[in-house]
Structure formats: structure tokens, C-alpha cells
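# Structural overview
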Amino acid sequence: MTEFGLPSAIPHQSVHRSHNFSAGPGALPECVLQQLSAELIEVPEQNLSVLGISHRSDWFAAVVAETEERLRRLLQLDSDWQVLLLQGGSSLQFSMIPMNFLPKEASADYLKTGYWSQRSLDDPSLFGAVNVAWDGEACAFTRMPTEAELNLNSEAAYFHYISNETVEGLQFHSIPGIDGVPRFCDMSSDFLSRPLPVERFDLIYAHAQKNLGPAGLTIVLIRQSQMNRRRRDVPSMLDYRRHRDAHSIFNTPPTFAIYATLLVLRWLEEDVGGLEPMAARNARKAELIYTALDISNGFYRGHADSKSRSLMNVCFTLPSQQLQHAFLRDAGRQGLLGLAGHRSLGGIRASLYNAVSEESCQLLVDFMAEFQARHAASSPPAKET
Ligand code: PMP
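Notes on the structure in this doc start here. Since this is a predicted model, take the numbers as computed values, not measurements.

Reading across the sheet, the seven strands line up as E2-E10-E9-E8-E5-E3-E4 and stay open at both edges, with mixed pairing between neighbours. What marks the edges here is a single partner per strand, and that holds for strand E2 (81-86) and strand E4 (129-135). On average, adjacent strands in this sheet sit at an angle of 15° to one another, irrespective of strand direction. Looking at chain direction, strand E3 (residues 107-112) and E4 are connected through six bridges and run parallel. Looking across to E4, one finds that Leu 111 is bridged to Trp 134.

Here is the structure:
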């Protein structure tokens, strides 16, 4: 039993499964999948399927409370932080943020560092002015900016950026922006992959389907002080305060996604041991794959500049489209799945989210070496880009 009166993980037997390198929805811990598969039929002591339990039940109230409690403990969030469990994906946050926090007469700073931050810029100008403080398009989104390159406004209503660009495989390894300007961050693809100095942030959001659980849930962490600053009247479903006041049950929430996320949080705290061991494991995984790129004599070419390499999404190309197709086909035959790059960039993308094991990464690296040995002699060296 957990302290919330919920049964803890049920024993499970390991089953053989493929290795999931999908960019999202992505891999989930096997112990979580095993428990969910049993609980699709019946949750112990509830005698009901996990899909059919009321969001107004005591059981679900305990699920929400424990989910929030575990997030608070993992990230050391003090009582100033509100934890909201929302829907609409991270894309809805792209709209809700300016809708709630960008007054007409004000300006917000945004970084354009890749595909998803480009998408984050679709809506803010409907509400107020937008200053793109750095645009990585000129360098084909191959790197993150240095602090000196940012054209920041110290009077900005807020500063928005994406910590990990999922499509291009770029990650910030420091925290950009001016302390004092509210810092809002989309951490969809690296949330809970490493310890986080939350004191430097004012609003953090991440959808669940990468490091946390199934699609359907978006976690928003927001400081009370920001909530009080909210200026515009917005429809109730899009108003952060309404969700806070309703303790994330303003309407029917994605109960299954929240429950699955709770099981992942239990795994992260109890099996992995928290964010520091998780970060160390993630660093070892990424190191394996990037080393495979670096020793391949240009057969595998990484998209990201070395200083901006993402530990979550490793994007690379092979010397020809033909070889890329063969790579995906042969990898698939060995159970190495989800490796196709995003449709906007092509190539290969290996996503190494929290639940991807070191063993899976080692198998991928072994496959890469074997594939190169089979094909390198017959393929011309890749062109410099
Ligand atoms: N931000 C990032 C960093 C993403 O990777 C994605 C999707 N993969 C999104 C936002 C959009 O998320 P959603 O599909 O949940 O709206």
C-alpha cells in the first residue's frame, strides 16, 4: 500500500518486447505496462477496470493527490508552485500562455530554436507583441544559441523557450534568459530526465507522452505569483485559475493517462531512485549513441552541433536515402522500432526517453556498427553539410 491507500506495483513477469525508440508516444517502463494490463480488467480493491472508475471517486482523488505529491517531491516544489493536470497537449499551452499572460500592450520574448518553437509562435501575436529573441533558422536549427546571442527585453511580459527540440535533437545544457523576467519553458521532451533548478522558472509544462505516460495529459507547473498576475478574461476551460481552483478536476480529466503517469512516477522514485540516477542513466545512453556517430567516419552524421546535442533525441543521417530506408527496414527486423526521423527533417531519430533501457541502446549501437560494416564499402562518403 502507498501512503495514499493505493496498492503499490503488482508483481509481474518480464515478456520479450521490441525496443521502442519512438519520439512520442514513446516507451513506458515494462513494470508499468504489466500493471496496467492487469488493471485494464480490474484494479485491486476497486473491482472495476481502470478505464471505468469515476473521476469523482475517492480512488481517483487519491490518484491525483499522489501524482501531485510525487511531482512535488521529485522536483522539490515548494507551496508557491501549483501542479495542474490538463488536457489539450503542449500545443494548447502554446495558446493558453499568451492568452493568459500576454496583455495587448505588452511584448513577450520567444526563442525560435526548431520545429516546435516555431509552432509555439503561431498564436502569441493574436494577443500581444512578440519579440523573437533568437532565430535559429539561418543555421538550419543545428544548434542552440549562446546567451550572448540573445536579443532579450528586460521588460518582457515573459520569456518562452523549449528546453529540448524534439525534431532536431537539440537541447539546452544551461538556462537561457534574464532572471527577473518570468521564465516559461516547454519541457515536453526532457521533463524529469534530469534534476531541475525550479527556482529559475515561473511556468513549466510537459505533455505526458514522452517521459511520463500515455498521451492525453499535460502537466503544468505554475507559480502562484504568476497566477495572480493573470490579466485577460479568458474562457473558463482555458483559465489556469479555474483548473487550480478545481484541483485539476474542472471537467472529466484523462483518468487513465493520469493513473498511468502515477505508476511511472512511482517507478522513477522507487525503482530508479529519482532524478539524479535517471540523469546519469540518460547520459550513459546518449553517450553510447553519439560515440557510435563519432567513430563512424562520417557514415552516420549527427544533425546537432556537438554542444547542443540532445540526450533525449539523437538525429542523424546516412549517406543516401536508400541506405536510410534499408537501415529502418533492417532495424525493424531486429525489433529496433520507432527510428524514423520527423517528417519535416527526415533521416533517423533515436529517442532515448527515461524508459528506454541501456540494453536497448547497446543493441542499437551494435546494429549500427554491423549495418555500417555491411554497407560502408559500397557507399560514397557523405557530403559535408
Ligand atoms: N513541444 C514539444 C517539445 C514537442 O515535442 C511536441 C510534440 N512532440 C509538442 C510541443 C506538441 O505537443 P502535443 O502534440 O502534445 O500538442
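The strand order E11-E12-E14 describes an open sheet built from three strands, whose pairing is antiparallel. Sheet topology places strand E11 (301-302) and strand E14 (348-351) at the edges, where each strand pairs with a single neighbour. In the sheet, E11 pairs with strand E12 (residues 313-317) via two bridges, with the strands oriented antiparallel. Across the sheet, the residue bridging to Gly 302 is Phe 316, located in E12.

All right, on to unusual backbone geometry then. Residue Gly 24 is joined to Pro 25 through a cis peptide bond whose omega torsion reads -5°. Along the chain, Pro 25 turns up in the loop between strand E1 (19-20) and helix H1 (30-39). Here Ser 248, not a glycine, exhibits a phi torsion of approximately 65°, which is positive. Tracing the backbone shows Ser 248 in the loop between helix H6 (240-245) and helix H7 (255-272).

This next bit is on the pairing of strand E9 (residues 203-207). Most of E9 sits out of view: five of its five residues are buried. Of the two faces of E9, the one holding Leu 203, Tyr 205 and His 207 and the one holding Ile 204 and Ala 206 are both buried throughout. Note that strand E8 (residues 183-186) and E9 share three bridges and pair parallel. If you follow Cys 185 over to E9, its bridge partner there is Ile 204. Examined bridge by bridge, E9 and strand E10 (residues 218-223) share five bridges and lie antiparallel to one another. Bridge pairing links Tyr 205 to Val 220 in E10.

We now examine the nonpolar core. Ranked by size, the top nonpolar core spans 60 residues in total, and within it Leu 75, Phe 191, Leu 192, Phe 201, Ile 204 and Leu 221 carry the most contacts. Of the domains in this structure, domain 1 (50-271) and domain 2 (275-378) are the two that each give at least three residues to this core. Phe 191 has contacts with Leu 71, Leu 75, Ile 204, Ala 206, Asn 211, Leu 212, Ile 219, Leu 221 and Asn 354, leaving out every residue within four places of it along the chain. Of all hydrophobic cores here, the second largest spans 28 residues; its members include Val 356, Leu 364, Val 365 and Met 368.

On to the pairing of E14. Side chains Ile 348 and Ala 350 of E14 all project onto a buried face; the interleaved residues Arg 349 and Ser 351 project onto the opposite face, where all are buried too. For E12 and E14, the ladder comprises four bridges, and the chain directions are antiparallel. Within the sheet, the bridge partner assigned to Val 314 lies in E14 and is Ala 350.

Residues in contact with the ligand amount to 14 residues; listed here are only the nearest, Ser 91, Thr 166, Asp 186, His 207 and Lys 210. One nitrogen or oxygen atom from the side chain of Ser 91 is found 2.6 Å from an oxygen atom belonging to the ligand. One of the side-chain N or O atoms of His 207 is found 2.6 Å from an oxygen atom in the ligand. Notes on the ligand: free accessible area 390 Å², of which the protein chains cover 85%. Ranked by the residues each element gives to the shell around the ligand, the list is headed by helix H3 (residues 89-101), at four residues. Classifying every residue of the shell around the ligand by side-chain character gives three nonpolar, nine polar and two charged.

Thresholds applied
Residues numbered from 1 in each chain as written. Predicted model: local features only at pLDDT ≥ 70, side-chain atom pairs only at ≥ 80, totals over all residues. Heavy atoms only, no water. Pairing = 2+ DSSP bridges. Helix = DSSP H or I, 4+ residues; strand = E, 2+ residues; numbered from the N terminus. Axes fitted to C-alpha atoms, helices over the stretch in contact; angles between N-to-C directions. Buried < 20%, exposed > 50% of the residue type's maximum accessible area, 1.4 Å probe, protein only. Core = buried A, V, L, I, M, F, W, Y, C linked by side-chain atoms within 4.5 Å. Domains from an automatic or database assignment. Contact = heavy atoms within 4.5 Å. Near = heavy atom within 4 Å. Polar contact = N/O pair within 3.5 Å; in protein donor to acceptor, adjacent residues only side chain to side chain. Areas by Shrake-Rupley, 256 points an atom, 1.4 Å probe, with all protein chains shown as cover. Nonpolar A, V, L, I, M, F, W, Y, C, P; charged D, E, K, R; others polar.

Don't take any of this as a statement about function, it's just geometry.
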